[in-house]
Amino acid sequence: MMSLFRALFQSWQQLARQAWLWLATLVVFCLAFFAVNTLIVTNVLADRLIDAARQRVDIAVSFRPGAPPAIVEQARTYLLGLPDTARVDVVTADQALEAFRARYRHEESVVNALDEVGRNPLGASFTVQATTLEGYTRIAEALRVPVYQPWIQAEPIADHQEAIQSLESLRRAVRLVGSLLLALFVCIALLLLVNVVRMVMFTQRDEIAIMRLVGASKWRIRLPYALSVVWVTILAWASTVAGAMVVYRWVLPQSFGWMREGLGAIAAFFHTSGPLLLALQLGIAAFVSSLIAWIAAGKYMKK
């Protein structure tokens, strides 16, 4: 137990004696944590943007004037039975006529022309939403059957589908580039950590030699360096989290519109998944960095 307390004391002593080296490591670790959470926030915002845009995608199906109501109702039931269909909103021919009259009620020429026709020139229509983007293509194909094709006025087209697919492609590209940059950043941080540990051990080579002469074991010599890295990791993690909270509380009152909605989505994500996610970040970072420091210290001691 006394050896552990001495190792803890020596780890803090090393941080104080080699403050500039450990400060550089702290800054790089903060940047690494910042990069990780920036990638997470980017994915959250991209998911929200695509989900909001996906809700506006639909297929407009227009029937010819005079289409029998039985055909329209049969087509609605048929679409609802498809596994790709999420919702079908129906506007009957009578409802379309009432909406048309209400829209042009102040234009006498339009109303008079409609009265002269003597019949309803409008047909029923559907607004179909699918469960996935790929489902719109399958729904459009399902409507190309001989039973309904003569009554459908125009080819069903998914509105905004291509734009949503472009957004998803952009999100995948951003995620890939961000992951590669993050991996590069983590590698640089670990390489810097190895060099810092070796430099600190080099400056304390006389003390290490004395400890080995008095019978100190290898794990006792390496433990303070691994603990020092753990403290630096915890400080970097805490600094990053605190800085992010300060920035969030400063930006939130000044935000509006889509920016406030995005901040709300970020807050909701970290409220539900944040504690576990941040704990995993800290645990993985502390374990990997201390393991690298332990290995680096062992490599130096073999020289």
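Criteria and cut-off values
Residues numbered from 1 in each chain as written. Predicted model: local features only at pLDDT ≥ 70, side-chain atom pairs only at ≥ 80, totals over all residues. Heavy atoms only, no water. Helix = DSSP H or I, 4+ residues; strand = E, 2+ residues; numbered from the N terminus. Buried < 20%, exposed > 50% of the residue type's maximum accessible area, 1.4 Å probe, protein only. Polar contact = N/O pair within 3.5 Å; in protein donor to acceptor, adjacent residues only side chain to side chain. Salt bridge = Lys/Arg side-chain N within 4 Å of Asp/Glu carboxyl O. Patch = residues over 30% accessible without salt bridge, like charges linked within 9 Å, V, L, I, M, F, W, Y side chains within 5 Å. Areas by Shrake-Rupley, 256 points an atom, 1.4 Å probe, with all protein chains shown as cover. Phe/Tyr/Trp six-rings, centres within 6.5 Å; stacked < 30°, edge-to-face > 60°. pLDDT = per-residue confidence, 0-100. Core = buried A, V, L, I, M, F, W, Y, C linked by side-chain atoms within 4.5 Å. Contact = heavy atoms within 4.5 Å. Pairing = 2+ DSSP bridges. Expected span 1.5 Å × (residues − 1). Arc of directions from axis to C-beta.

A separate point is the environment of Thr-272. With respect to the element layout, Thr-272 can be found in helix α10 (residues 258–272). Thr-272 sits in the exposed class, given a relative accessible area of 61%. From its side chain, Thr-272 meets the backbone oxygen of Ala-268 in a polar contact 3.1 Å long. A distance of 3.0 Å separates a polar side-chain atom of Thr-272 from the backbone oxygen of Phe-269.

Before going further, it helps to spend a moment on the pattern of salt bridges. Summed over all chains, the structure comprises four salt bridges. A salt bridge links Arg-138 to Asp-84; the nearest nitrogen and oxygen atoms lie 2.8 Å apart. Of this pair, Arg-138 sits in helix α6 (residues 133–142) while Asp-84 sits in the loop between α3 (69–80) and β2 (85–91); the two residues are 54 residues apart in sequence, bridging distant segments of the chain. Where Arg-87 meets Asp-89, a salt bridge forms, and the shortest distance between an N and an O atom there is 3.4 Å.

Here we come to a nonpolar patch on the surface. A cluster of nonpolar side chains, contributed by Leu-276, Leu-280, Ile-284, Phe-287, Val-288, Leu-291 and Ile-295, occupies part of the molecular surface with about 670 Å² of accessible area. Within the secondary structure layout, Ile-284 lies in helix α11 (residues 274–301). Judged by its relative accessible area of 53%, Ile-284 falls in the exposed class.

Applying the stated criterion across every chain yields a total of two aromatic pairs. Aromatic side chains Phe-63 and Phe-126 sit 5.1 Å apart centroid to centroid with 75 degrees between the ring planes, which places their arrangement in the edge-to-face category. One end of the pair, Phe-63, is in the loop between β1 (58–62) and α3; the other, Phe-126, is in strand β3 (residues 125–130), with 63 residues separating them in the sequence. Residues Phe-63 and Phe-126 agree in their burial class; the two are buried. Aromatic pair Phe-269 and Phe-270: ring centres 5.4 Å apart, planes at 85 degrees, arrangement edge-to-face.

Now for the confidence of the model for the protein. For any part of a model where pLDDT is low, the fine detail of the predicted coordinates should not be relied upon. With 80% of its residues at a pLDDT of at least 70, the protein reaches an overall mean of 77. No element of the protein has a lower mean pLDDT than strand β4 (residues 158–159), at 53, and none a higher one than α3, at 85.

In this section: the nonpolar core. Ranked by internal contacts, the top residues of the largest apolar core, which has 25 residues, are Trp-22, Phe-29, Leu-193, Val-197, Val-229, Val-232 and Ala-236. Among the nonpolar cores identified, the runner-up in size contains 21 residues, and Ala-75, Ala-124, Val-128 and Ala-130 belong to it.

Okay, the environment of Ala-244 next. With respect to the helices, strands and loops of the structure, Ala-244 is situated in helix α9 (residues 218–251). Judged by relative accessible area, Ala-244 falls into the partly exposed class, the value being 47%.

Attention shifts here to the side chain of Thr-233. Tracing the backbone through its elements, the reader meets Thr-233 in helix α9. Taking the relative accessible area as the measure of exposure, Thr-233 reaches 0% and is therefore buried. For Thr-233, the residues in contact, after removing those within four places along its chain, are Phe-29, Phe-33, Leu-282, Ala-285, Ala-286 and Ser-289.

This part covers the pairing of β3. By the bridge criterion, four bridges tie β1 to β3 in an arrangement that is antiparallel. Along β3, the bridge assignment pairs Val-61 with Phe-126. As defined by bridge partners, β2 adjoins β3 across six bridges and the pair is classed as antiparallel. Looking at β3, one finds that Val-90 is bridged to Phe-126.

A separate point is the environment of Val-232. Relative to the assigned elements, Val-232 resides in helix α9. With sequence-adjacent residues up to four places away left out, Val-232 is seen in contact with Leu-15, Trp-22, Thr-25, Leu-26 and Phe-29.

Turning our eyes to something else, we now look at α3. Taking 1.5 Å per residue, twelve residues should reach 16 Å; α3 reaches 17 Å between its end C-alpha atoms and fits that length. Considered for burial, the residues of α3 that qualify are Ile-71, Val-72, Ala-75 and Leu-79. Seen from one end, α3 has its buried residues packed into an arc of 100 degrees, which puts them on one side. Turned more than 90 degrees off the buried face of α3, the exposed positions are Pro-69 and Ala-70.

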